[in-house]
Amino acid sequence: SFSRKEDAEKFLNNSREERYSDDSPIAYVDGSYDAGSGTYSYGAVIIYDGKEVWLSNSYSNDKLAEMNNVAGELMGSMCSMNYALRNGISKLLIVYDYAGVKNWCTGDWRCKTSGTSLYKRYYDEISKILHIHFRKVKGHSGHYYNNLADSLARDALGLANESNKRLLNDASKSRRVERRVFGL
């Protein structure tokens, strides 16, 4: 038992939010969807070794496109895991704004579609090698790296608005960035 309410809340927060060191690699992921073309995309910003790696791609798989932007959210998470594995990263924090990114992996949500089942299987296999942690941020709330991942996803579909383009342009000028089209 706890003698103070603050101690109990701290314990609960630490058990829900995995401990993660600030100098470990972080992947911010987001997805987008274009109803006109039936394509979806992801954007990811991976921060490690003093640099940012920007990943993005678009897809037109009809079965997964039924999931709209959720397909992109999950693809961003999977591509970030894959990138980490290919680059010798052993631990990765995935920061997301859509709860399914974590909840299908942890089993908090039941997989009801082929896309979510594929995502869960991918996570189950890769997490045997890569230690993956999750952290949620509120979408479209001004979180810089979440906005950057969103802008990359929208840009991959050709849907970036002026604000998205300005963010991508300003960010690429002000830091060490490596940009790649990356898929599974």
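Quick caveat, the model's predicted, so the values are computed rather than measured.

Caption draft 1: Local environment of the overall build of the chain. Counting secondary structure elements, the chain contains seven helices and six strands. Relative to its 184 residues, the chain shows a buried fraction of 45%. In the chain, the share of contacts with a sequence separation of at least 24, taken over all contacts with a separation of at least 6, comes to 68%. Surface summary for the chain: the accessible area is close to 9,800 Å², and the carbon and sulfur share equals 46%.

Caption draft 2: Main features of the packing of helix α6 (residues 144-156) against helix α7 (residues 162-174). Look at α6 against α7: their axes get within 9 Å of each other, and the N-to-C directions meet at 115°. Between α6 and α7, the angle is such that the two are roughly perpendicular. Crossing of α6 against α7: the hand is left-handed. Residues Y144, N147, L148, D150, S151, L152, R154 and D155 of α6 form the contact with α7, whose own contacting residues are N164, L167, L168 and A171.

Caption draft 3: Examining helix α3 (residues 69-86) more closely. Its 18 residues place the ends of α3 25 Å apart at the C-alpha level, agreeing with the 26 Å of an ideal helix rising 1.5 Å per residue. Within α3, 15 of the 18 residues are buried, which leaves the element mostly enclosed by the surrounding structure. Positive phi appears at G88, one or two residues downstream of α3, with a value of about 70°.

Caption draft 4: Main features of the packing of aromatic side chains. Within this structure, the stated rule accounts for nine aromatic pairs. When the ring of Y98 is compared with that of W109, the centres are 6.0 Å apart and the planes differ by 75°; the resulting orientation is edge-to-face. In this pair, Y98 sits in the loop between β4 (91-96) and α4 (100-106) while W109 sits in the loop between α4 and α5 (114-126), placing the two residues eleven residues apart along the sequence. Aromatic side chains Y144 and Y145 sit 5.0 Å apart centroid to centroid with 85° between the ring planes, which places their arrangement in the edge-to-face category. Among the residues examined, Y144 registers a relative accessible area of 30% and is labelled partly exposed. A network of ring pairs unites the aromatic residues Y28, Y144 and Y145 as a single cluster.

Caption draft 5: The arrangement of unusual backbone geometry in detail. We note that D49 has phi near 50°; this positive angle belongs to a residue other than glycine. The topology assignment puts D49 in the loop between β2 (39-48) and β3 (51-59). If you check the backbone angles, N68 has positive phi at about 55° while not being a glycine. Tracing the backbone through its elements, the reader meets N68 in the loop between α2 (62-65) and α3.

Caption draft 6: Spatial organisation of the pairing of strand β1 (residues 26-34). Of all nine residues in β1, seven are buried, a share of seventy percent or more. The pairing of β1 with β2 spans nine bridges and is antiparallel. By the bridge assignment for β2, I26 is matched with I47. Between β1 and β2, which pair antiparallel in sequence order, lie four residues; one of them, G38, sits at a positive phi of approximately 70°. Inspection of the sheet shows β1 paired to β4 by three bridges, in the parallel sense. Bridged to A27 within β4 is I94.

Caption draft 7: Layout of the packing of α3 against α5. Closest axis-to-axis distance for the α3/α5 pair is 11 Å, and the angle between their directions is 20°. Comparing the axis directions of α3 and α5 gives the class roughly parallel. Relative to α5, the crossing made by α3 is left-handed. The residues of α5 that touch α3, namely those facing L74, S77, M78, M81, N82 and L85, are G115, T116, Y119, Y122, Y123 and I126. The residue inventory of the contact of α3 with α5, partitioned by class, reads eight nonpolar, four polar and no charged.

Conventions used here
- Residues numbered from 1 in each chain as written.
- Predicted model: local features only at pLDDT ≥ 70, side-chain atom pairs only at ≥ 80, totals over all residues.
- Heavy atoms only, no water.
- Helix = DSSP H or I, 4+ residues; strand = E, 2+ residues; numbered from the N terminus.
- Buried < 20%, exposed > 50% of the residue type's maximum accessible area, 1.4 Å probe, protein only.
- Contact = heavy atoms within 4.5 Å.
- Areas by Shrake-Rupley, 256 points an atom, 1.4 Å probe, with all protein chains shown as cover.
- Axes fitted to C-alpha atoms, helices over the stretch in contact; angles between N-to-C directions.
- Parallel < 35°, antiparallel > 145°, perpendicular 65-115°, else oblique.
- Left-handed = near helix turned anticlockwise from the far one by under 90°.
- Expected span 1.5 Å × (residues − 1).
- Phe/Tyr/Trp six-rings, centres within 6.5 Å; stacked < 30°, edge-to-face > 60°.
- Pairing = 2+ DSSP bridges.
- Nonpolar A, V, L, I, M, F, W, Y, C, P; charged D, E, K, R; others polar.

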